[in-house]
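Fold and contact review
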There are 2 protein chains.
Amino acid sequence: MKVAGFDIGGANTDLAIVDFDQNEIKNIQVDFAYLPMWSNNDDLSKVLVELIEKICSIDEIDAIGISMTAELVDAYDTKKEGVLDIVEKCENTFNCPIGYVGLDGILTKDEIEKDPLNAAAANWIATCEIATLISDNCIFIDTGSTTTDIIPIKNGKQCAIGNSDFERLATGELVYTGTLRTNLASFLEKVPFNGNEYRVASELFAQTADVFIVLDLIDESDYVCDTFDGEGKSKIECMRRIARVLCADMDMLSERDIVKISKFIHKAQVAQIAEGLNQVSQRQNLDLIVTTGLGKDILDKKAAELLNLEVKSMDNILSDEECVVAPAIGTAIMMNKTL
Amino acid sequence: MKVAGFDIGGANTDLAIVDFDQNEIKNIQVDFAYLPMWSNNDDLSKVLVELIEKICSIDEIDAIGISMTAELVDAYDTKKEGVLDIVEKCENTFNCPIGYVGLDGILTKDEIEKDPLNAAAANWIATCEIATLISDNCIFIDTGSTTTDIIPIKNGKQCAIGNSDFERLATGELVYTGTLRTNLASFLEKVPFNGNEYRVASELFAQTADVFIVLDLIDESDYVCDTFDGEGKSKIECMRRIARVLCADMDMLSERDIVKISKFIHKAQVAQIAEGLNQVSQRQNLDLIVTTGLGKDILDKKAAELLNLEVKSMDNILSDEECVVAPAIGTAIMMNKTL
C-alpha cells in the first residue's frame, strides 16, 4: 500500500508518501511547498499534484489522507467555509479514496459536510499517532514554522482538553509561535540592551527566522518563507531587519549588538513555549516530552529543559527531514489504518 | 506669508497650509493622503503637489517646511539613506525656500546632507511648538495612526532625553502603538474571556482600527489605512477580523462576545501608553498632559486619567481635524519663524 499524507497549512503544504506492508512502515518519502493559502488557495490542486509527482506517478498512490490548518486564513470568512473549500478542492483533484483527519479519527467527505469544524486544525491528531510510537504517556511538542502544538498523551491516546484552536489557545495546547514566520513584535514587550529596556516597533519588520539565521541555528535553505522586506536571507540582511524592530539600523548597532539582542529574543521565545508546556504538564502530571518539527532542538528541547522535564526527540524514529513534516506522516499512517 | 508644512510619515503624509501675519496665525487649512512609503515612495513628489493643489495654487506658497518619520520604512536600508532620498524628492518638487525640522530647529538641505540623522523622526519637535501655546510646562502626547510621542516640555522647551526613535523607545518618549495600524497581536499577550485566558495568533489578522470601529469610537471615514484582509471596514467585517486573533470566527463568538473582547483590548492599549507616560512623568516631575492626534480622547486622555494626571487637549486651540495633523501645523509655524 502506498499512501500519501498531506498537511495543508496556511503557509506550507507538506507531503509524506508512506509504503506500508499491512501496518508496518516500509519506506517514507517527504517534501513540502510554500503555498500562502490566504492569497493563492486556487493553486492548491496544482500544488498537491506537483508534490506527489516529484516523488512518484499519481497512479501508484492507493489512498490519500488530508489534515489541515489552512481553513483559518483570512481568505475564508469562517473556518467552516475554509474546510469545505479545501475538501472540495481535494475531491476534485484525486480519484483514489480520500480521508480527512478529524478529532475522532479519519472522516469521509460526507461526514465532514455534516460537521466541517471536526476537521478544522486537527493535524496535531495525526502527529499523536507518531508520538505514541515513542511513548504511551508523554507530551509531544511540534514547533512548525508558525505555531507550536503541545499535546498530552495518556495510555496511547491523546487527551487534549481543547477541541478547537480557539480552546487550545487557552489550555496551553496551542502556542501561536514558530521557528520561521513569527513576527518578533508579537512576543517581545521590551528588549534589554546596554542597561536600558527598549520597547519594540509594532510593524512587520523581522521574524523568528531572521533571529535563527543570525544565531546560526538554521540555514538559509530552512528559511522557506518570504522575508518581511522582500530582501534576501543572508546574515547581514537578517541583522538589518532585526535592528529595525528597535527603530535602529546597522549604522547605530553593530553586528555584535545584534547577536546579543538575538540571544535575548531566542530566550524570550523559549520562555513563551515553556509557559504553555508548563500549563499542560502541570495539569496532566506528565513529565516526558517528545519533540518534533523544525523547532524541536532550538526551541522545544530548551523549553523542556527550562522546566526540568525529560526530553526525547522523534528523530529516534524519524529523520530530521521527516520530523519537519510529522503531521503529514501521521496522516498517512491514520489513513492506512482505515484501508 | 503662506507656509505649507508637511509631515511625511511611513503610512500617511499630512499637510497644513498656514497663513501668517508676522508670527500670528491667520488661517489654517489641512489635509492628508495615505501614501505607504515602504512600497510607493516614488509617488511622494506627486502626492505633495496634489495635496497643496487641493487647497490653493502652488504659486501662492511662500515657503515649505518638512518633517518626516518615513525614513524608517524598510524600503530604505538605513535611516540616512531614507532621509537623503526624501530630501532629494522634496528639493526636486518645489522652487520656493524649503526647511526641514531637525532636533535643533529648522535645517537647510546642506545642513542635512552633513548630518542626515538630525532630521530623522523629528516631527515631534514640530508638535512641541504647538503644545507650548497651551503650557510652558507639560507633557504632550500625540497618538497618531501608528505611534505615540510622549514629550516633556519645561520652560517652553522640549526636554526629551532620547535623541532618536531608538533611544526614545527606551525612555518612554516613544511608544510604538497607534489608533489605526497597530497589530493587536503586538500588545496582547493573553485575552481574558469567559473565565479563561486566551493566547493570541501571531498573524496580521486585526488592527486597532478594527477595535475602535466595533466600540463606535471612530468612524469608517477615520479608518484611512488598509484592512489586513483586504475586506471592508463595516462593524461586522471588523468583528470577523478580531475573532480571528483568537483563532475563532463569528460562528464561535457572538457580536456581544466581540464587544466584550474589544473593551479589554482597548484597556490593554491604554495601559501600554500609560506605562510610557508614567515613565516620562515620574522622571520629569510633570503632571499636566496636553493631548493631540487621532487618539487624544480615546487613548491619551484615558491613559492620563489612569495615572491621575491633569489633561488638556490641543482642541482648545485647534479643531479636531487640525489636531490629527498637529506635526504638520507645527512644521509650518517653525518654518515661518525662519523667514
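Residues numbered from 1 in each chain as written. Chains lettered and ligands numbered in written order. Predicted model: local features only at pLDDT ≥ 70, side-chain atom pairs only at ≥ 80, totals over all residues. Heavy atoms only, no water.

1. Digging into the overall build of chain A
Along the backbone of chain A there are 12 helices and 14 strands. Here the C-alpha atoms of chain A give a radius of gyration of 20 Å, agreeing with the 20 Å that 2.2 N^0.38 yields for 339 residues. Projecting the C-alpha coordinates of chain A onto the three principal axes gives extents of approximately 60 × 45 × 35 Å. Counting the 339 residues in chain A, one finds 62% classified as buried. Summed over all atoms, the accessible surface of chain A reaches about 12700 Å², with 42% contributed by carbon and sulfur. Each charge class in chain A was averaged separately, 30 positive and 58 negative side chains, and the resulting centres sit 6 Å apart. (Helix = DSSP H or I, 4+ residues; strand = E, 2+ residues; numbered from the N terminus. Rg over C-alpha atoms; globule rule 2.2 N^0.38 Å. Buried < 20%, exposed > 50% of the residue type's maximum accessible area, 1.4 Å probe, protein only. Areas by Shrake-Rupley, 256 points an atom, 1.4 Å probe, with all protein chains shown as cover. Lys, Arg positive; Asp, Glu negative; His and termini not counted. Charge placed at Lys NZ, Arg CZ, Asp CG, Glu CD.)

2. Some points on the interface of chain B and chain A
Every contact between the two is made by 50 residues of chain B and, on the other side, 50 residues of chain A. Each partner contributes to the roughly 4300 Å² buried at the junction of chain B and chain A, and carbon and sulfur atoms together form 56% of this total. Between E203 of chain A and R181 of chain B there is a salt bridge, with its nearest N and O atoms 2.9 Å apart. Between the two partners, chain B and chain A, sit 20 residue pairs in polar contact (both at pLDDT 80 or more). No other element matches the six residues that helix α6 (residues 165-171) of chain B contributes to the side of chain B that touches chain A. When grouped by side-chain class, the residues that make up the side of chain B that touches chain A number 21 nonpolar, 12 polar and 17 charged. (Contact = heavy atoms within 4.5 Å. Buried area = accessible area lost by both parts, 1.4 Å probe. Salt bridge = Lys/Arg side-chain N within 4 Å of Asp/Glu carboxyl O. Polar contact = N/O pair within 3.5 Å; in protein donor to acceptor, adjacent residues only side chain to side chain. Nonpolar A, V, L, I, M, F, W, Y, C, P; charged D, E, K, R; others polar.)

3. Digging into the side chain of T182 of chain A
Within the secondary structure, T182 of chain A sits in the loop between β10 (174-175) and β11 (190-193). Among residues more than four places away in sequence, those in contact with T182 of chain A are S145, T146, T177, F187, A206, Q207, T208 and Q269 of chain A together with S202 of chain B.

4. Concerning helix α3 (residues 79-91) of chain A
Residue and element names in this part refer to chain A. With 13 residues, α3 should cover 18 Å at 1.5 Å per step; its first-to-last C-alpha distance of 18 Å lies within 8% of that length. All of the buried residues along α3 are K79, G82, V83, D85, I86, V87, K89 and C90. Check the buried side of α3 and you find it contacts β1 (2-8), α1 (37-40), α2 (44-53), β4 (63-68), β5 (98-102) and α4 (109-114). (Expected span 1.5 Å × (residues − 1).)

5. Considerations on the pattern of salt bridges
Pairs can form between side chains of opposite charge once their charged atoms are near each other. Evaluation of the coordinates by the stated rule reveals 43 salt bridges over all chains. Notably, a salt bridge pairs D19 of chain A with K2 of chain A, separated by 3.0 Å at the nearest N-O pair. With D19 of chain A in strand β2 (residues 12-21) and K2 of chain A in strand β1, this residue pair connects regions lying 17 residues apart in the sequence. Since its relative accessible area comes to 14%, K2 of chain A is described here as buried. When the shortest N-O distance is used, the salt bridge between D229 of chain B and R244 of chain B registers 3.5 Å. Separated by 15 residues along the polypeptide, D229 of chain B in the loop between α7 (208-214) and α8 (235-245) and R244 of chain B in helix α8 bring together distant segments of the chain. Both residues of the pair, D229 of chain B and R244 of chain B, count as buried.

6. Structural notes on the relation of the copies chain B and chain A
Here two copies of a chain appear, and what relates them is a rotation about an axis with a shift along it. After a rotation of 180° and a shift along the axis of 0.0 Å, chain B superposes on chain A with an RMSD of 0.0 Å. Here the copies are linked by what is in effect a two-fold axis. No C-alpha of chain B approaches the rotation axis more nearly than that of S186 of chain B, which lies at 2.1 Å. Looking at chain B, 100% of its interface residues are interface residues in chain A too, so the copies touch through the same face. (Least-squares fit on C-alpha atoms with pLDDT ≥ 70 in both.)

7. Quick word on a negative patch on the surface
Taken together, the side chains of E50, E53, D59 and E60 of chain A make up a negatively charged region of the molecular surface. In this structure, E50 of chain A sits in helix α2. (Patch = residues over 30% accessible without salt bridge, like charges linked within 9 Å, V, L, I, M, F, W, Y side chains within 5 Å.)

8. Regarding the sheet that holds strand β2 (residues 12-21) of chain B
Residue and element names in this part refer to chain B. With mixed pairing, six strands are arranged side by side in an open sheet as β3-β2-β1-β4-β5-β6. A strand with exactly one partner marks an edge of an open sheet, and here the two such strands are β3 (24-34) and β6 (105-107). Averaged over all adjacent pairs, the angle separating strand axes in this sheet is 25°, with direction ignored. Alignment of strand β5 (residues 98-102) against β6, held across three bridges, turns out to be antiparallel. Residue pairing across strands places V101 opposite I106, the latter belonging to β6. Its contacts with the sheet place helix α12 (residues 326-337) against β1 (2-8), β2, β3, β4 (63-68), β5 and β6, and it is angled at close to 135° to β1. (Pairing = 2+ DSSP bridges. Axes fitted to C-alpha atoms, helices over the stretch in contact; angles between N-to-C directions.)

9. Let's talk about the sheet that holds strand β3 (residues 24-34) of chain A
Residue and element names in this part refer to chain A. Strands sit in the order β3-β2-β1-β4-β5-β6 across an open sheet of six strands; the sheet is mixed. Because the sheet does not close on itself, it has two edges, and the strands there are β3 and β6 (105-107). The sheet shows a mean angle of 25° between the axes of neighbouring strands, direction not considered. Alignment of β1 against β4, held across six bridges, turns out to be parallel. For I8, the partnering residue across the bridge sits in β4 and is M68. On the sheet, helix α5 (residues 123-131) packs against β1, β4 and β5 and is oriented at approximately 90° with respect to β5.

10. Quick word on the pairing of strand β13 (residues 288-292) of chain A
Residue and element names in this part refer to chain A. Within β13, five of the five residues are buried, leaving the element largely enclosed by the surrounding structure. Burial of the side chains of β13 extends over both faces: L288, V290 and T292 are buried on one face and I289 and T291 on the other. Relative to β13, strand β7 (residues 138-143) is paired through four bridges, and the arrangement is parallel. For D142, the partnering residue across the bridge sits in β13 and is T292.

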